[in-house]
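# Residue-level structural notes
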Amino acid sequence: MSSALISGASIAGPALAFWLRRYGFDVTVVEKAHTLRGGGYPIDIRGTALGVVERMGLLPRLREAHVDTHRLTFLDAGGDVVASMRPESLTRSGNRDLEVRRGDLAEVLYDTVRDDVELLFDNSIVAMADHDGGVDVTFRSGLQRTYDHVIGADGLHSAVRALTFGPEEQFHRYLGYCFAGFTMPNHLGLRQEGLMWNEPGRAAVLYAVGSGESVHGFLCFTRATAPFSAFRDPQAQRELVASVFADDDWEVPKLVEAMRAADDLFFDTVSQIRLPRWSSGRVALVGDAAYAPSFLTGQGSSLALVGAYVLAGHLATAPDHTAAFEAYERQTRPFVEANQGLVEEGRAEMFPGTTEALAARNAALRELTTMPATEGRPEHSAMTLPDFTV
Ligand SMILES: Cc1cc2nc3c(=O)[nH]c(=O)nc-3n(C[C@H](O)[C@H](O)[C@H](O)COP(=O)(O)OP(=O)(O)OC[C@H]3O[C@@H](n4cnc5c(N)ncnc54)[C@H](O)[C@@H]3O)c2cc1C
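This one's a predicted model, so the numbers in the text were calculated from it and none came from an experiment.

This part covers the pattern of salt bridges. A full pass over the atoms with the stated rule returns 15 salt bridges. Between Asp97 and Arg46 there is a salt bridge whose closest N-O contact spans 3.2 Å. Placement of the pair is Asp97 in the loop between helix 4 (87–91) and strand 6 (98–101) and Arg46 in the loop between strand 3 (42–45) and helix 2 (48–55), with a sequence separation of 51 residues. Here Asp97 and Arg46 have matching classes, each one buried.

See the structure below:
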């Protein structure tokens, strides 16, 4: 039986573990957090990725977790309504799409593998030596093991990528924005709806998934350079975000206060990962670690699910790992690049950086409210899932 070590237990990691177990691999997953990480904004599963969760038998559970947002309302600096609409008008998505909380998707995926794979929480890979017989891995705990394959599913700031290809900066394509997401009290009594407040270069969002006592808070802002130094310092992240929104009105002071107090703060840059190759020797990458598209595309989880399915299928059917990794990349890269191409640096439609761009966006939003929803963007379905017979 071939063995595989997967680094990261969020979306790509458990999805890959599911398929590798199905094909008879002996799978270990290592995750640096103490437990499965909940939280995170609602994410979309759409287009080609819907076929993956369908093949995993997860559609019924995910439909139960579907968020079903009824309304998105855009507000100006003083909190007055600019436009209000059904979310489909904005995402240009068909109504087959699923929108689930990131933490719910991670949990559903994790449940499919928790009894069948070895899970090492609160640990991570610190060294790897790739040779003819496998990859010798040293873990932070001191444990040493050899695996046939090591797969990095450890996100935008992947440690497996750094160990294999070198520092992140060379592959990191910063799109000019930073964001902070966190949970906060639902003091406005919002129900299945989102409110987005904008000033040029700054956005504050409240997103109520249900009608419960908490909502997702989200602060996003433009910044000329990526604050790499803040990545490992939560206090520096809080100070940075608070200073950017210090003089704003509406509910922004309450969001900043909640961000400071949050125990589930998720801060990151809005960035893509663009790598010339997704594998080297017996080591490969999947999901954000290989090809993060950024949340502006709304495609991060969908690309992670599709990549995991294709990578596992080729590992199970190709004559060796070299052929498998090549086929995985050949088949998936055009789909990934089409979706990464949905956004350009500093040009996020929803987060205009100047007064003129904000006025243009608002005019476009008002127009959208009068247009029927369309059937999704072609990039979301630009790949047909291959079938693998083992
Ligand atoms: C807690 C959390 C909240 C998020 N919130 C948002 C959000 O609000 N908006 C958004 O656009 N995207 C968010 N994301 C990212 C989103 O999940 C991904 O863009 C997308 O789903 C692709 O998933 P992925 O599995 O490839 O990467 P990720 O979801 O980033 O998962 C990577 C996993 O690897 C783990 N990991 C990282 N380094 C190591 C290491 N050295 N060793 C072992 N494990 C490691 C991480 O803890 C994480 O569980 C969030 C991710 C997490 C983990």
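Taken together, 27 residues surround the ligand, and among them Ser10, Glu31, Asp288, Phe295 and Ser301 come closest. Separating an oxygen atom of the ligand from a side-chain N or O atom of Glu31 is a distance of 2.6 Å. Within the contact set of the ligand, a nitrogen atom lies 3.1 Å away from a backbone nitrogen or oxygen of Lys32. Look at the ligand: alone it shows 910 Å² of surface, and the protein chains cover 90% of it. Partitioning the shell around the ligand into residue classes produces ten nonpolar, eleven polar and six charged.

In a beta sheet, neighbouring strands are held together by backbone hydrogen bonds and run either parallel or antiparallel to one another. Judged by pairing direction, the sheet is antiparallel, and its three strands sit side by side in the order 8-9-10 without closing on themselves. Here the strands that pair on one side only, and so sit at the sheet edges, are strand 8 (125–131) and strand 10 (144–147). Here the average twist between neighbouring strands, direction ignored, is 20°.

Once that is clear, we can look at the environment of Leu305. The residue Leu305 is located in helix 10 (residues 300–317) in this model. In this structure Leu305 comes out as buried when scored by relative accessible area, which is 0%. Linking Leu305 and Pro14, residues 291 residues apart in sequence, is a C-alpha distance of 9.4 Å. Apart from the residues within four sequence positions on either side, Leu305 is in contact with Ile11, Ala15, Ile45, Ala49, Val52, Val53 and Leu109.

What follows covers the packing of helix 7 (residues 234–244) against helix 8 (residues 252–261). Their axes nearest at 10 Å, the elements helix 7 and helix 8 cross at an angle of 175°. If you check the angle between helix 7 and helix 8, you find them roughly antiparallel. Across the interface between the two elements, Gln235, Arg238, Glu239, Val241 and Ala242 from helix 7 touch Val256, Met259 and Arg260 from helix 8. Grouping the constituent residues of the contact of helix 7 with helix 8 by class yields four nonpolar, one polar and three charged.

Attention shifts here to the packing of helix 2 against helix 10. Contact geometry of helix 2 with helix 10 gives a least axis separation of 8 Å together with a crossing angle of 55°. Classed by the angle they form, the pair helix 2 and helix 10 counts as oblique. Along this stretch, helix 2 crosses helix 10, giving a crossing that reads as left-handed. Together, Thr48, Ala49, Val52, Val53 and Arg55 of helix 2 and Ser302, Leu305, Val306 and Tyr309 of helix 10 make up the contact between the two elements. Tallied by class, the residues present in the contact of helix 2 with helix 10 amount to six nonpolar, two polar and one charged.

So, on to the packing of aromatic side chains. According to the stated counting rule, one finds 17 aromatic pairs in the structure shown. With a centroid separation of 4.8 Å and an interplanar angle of 45°, the aromatic rings of Tyr41 and Phe218 are classed as tilted. Of the two residues, Tyr41 sits in the loop between strand 2 (26–30) and strand 3 while Phe218 sits in strand 15 (residues 214–222), which places them 177 residues apart along the sequence. Connected via pairs of aromatic rings, a cluster forms that spans Tyr41, Tyr177, Phe179, Tyr207, Phe218, Phe266, Phe295 and Phe351.

This next bit is on the sheet that holds strand 5 (residues 81–85). As summarised here, the arrangement of the seven strands in space is 5-4-13-14-15-12-16, forming an open sheet in which the pairing is mixed. The open sheet has two edge strands, strand 5 and strand 16 (266–273), and neither has a second partner. Taking each pair of neighbouring strands and ignoring which way they run, the sheet shows an average axis angle of 20°. Note: strand 14 (residues 202–208) against strand 15, six bridges, orientation antiparallel. Of the residues in strand 15, the one forming a bridge with Ala204 is Leu219. Sitting on the sheet, helix 7 touches strand 12 (172–185), strand 14, strand 15 and strand 16, and the angle it makes with strand 15 is about 75°. Along the sheet face, helix 12 (residues 355–368) touches strand 4 (71–75), strand 5 and strand 13 (193–199) and points at about 40° away from the line of strand 5.

Before going further, it helps to spend a moment on helix 11 (residues 321–340). For helix 11, with 20 residues, the first-to-last C-alpha span of 26 Å sits near the 28 Å given by 1.5 Å per residue. Along helix 11, the sharpest change in direction is near 40° and occurs at Thr332; proline Pro334 comes one to four residues later. If you check which residues of helix 11 are buried, you get His321, Ala324, Phe325, Ala327, Tyr328, Glu329, Thr332, Arg333, Phe335, Val336, Asn339 and Gln340. You can read the cap of helix 11 off the contacts: a side-chain oxygen lies 3.1 Å from the backbone nitrogen of Thr322, and it is on Asp320.

Glancing now at the pairing of strand 9 (residues 134–139). As judged from the six bridges shared by strand 8 and strand 9, these two strands associate in the antiparallel manner. The partner of Met128 across the bridge, within strand 9, is Val137. Taking the residues that link successive antiparallel strands as the turn, the strand 8-strand 9 hairpin has two residues. Strand direction decides the pairing type here: strand 9 and strand 10, joined by four bridges, are antiparallel. Residue Val137 lies in a different strand from strand 10, and its bridge partner there is Arg145.

So, how was this worked out
- Residues numbered from 1 in each chain as written.
- Predicted model: local features only at pLDDT ≥ 70, side-chain atom pairs only at ≥ 80, totals over all residues.
- Heavy atoms only, no water.
- Salt bridge = Lys/Arg side-chain N within 4 Å of Asp/Glu carboxyl O.
- Helix = DSSP H or I, 4+ residues; strand = E, 2+ residues; numbered from the N terminus.
- Buried < 20%, exposed > 50% of the residue type's maximum accessible area, 1.4 Å probe, protein only.
- Near = heavy atom within 4 Å.
- Polar contact = N/O pair within 3.5 Å; in protein donor to acceptor, adjacent residues only side chain to side chain.
- Areas by Shrake-Rupley, 256 points an atom, 1.4 Å probe, with all protein chains shown as cover.
- Nonpolar A, V, L, I, M, F, W, Y, C, P; charged D, E, K, R; others polar.
- Pairing = 2+ DSSP bridges.
- Axes fitted to C-alpha atoms, helices over the stretch in contact; angles between N-to-C directions.
- Contact = heavy atoms within 4.5 Å.
- Parallel < 35°, antiparallel > 145°, perpendicular 65-115°, else oblique.
- Left-handed = near helix turned anticlockwise from the far one by under 90°.
- Phe/Tyr/Trp six-rings, centres within 6.5 Å; stacked < 30°, edge-to-face > 60°.
- Expected span 1.5 Å × (residues − 1).
- Bend = angle between axes of the 7 residues up to and from the residue.

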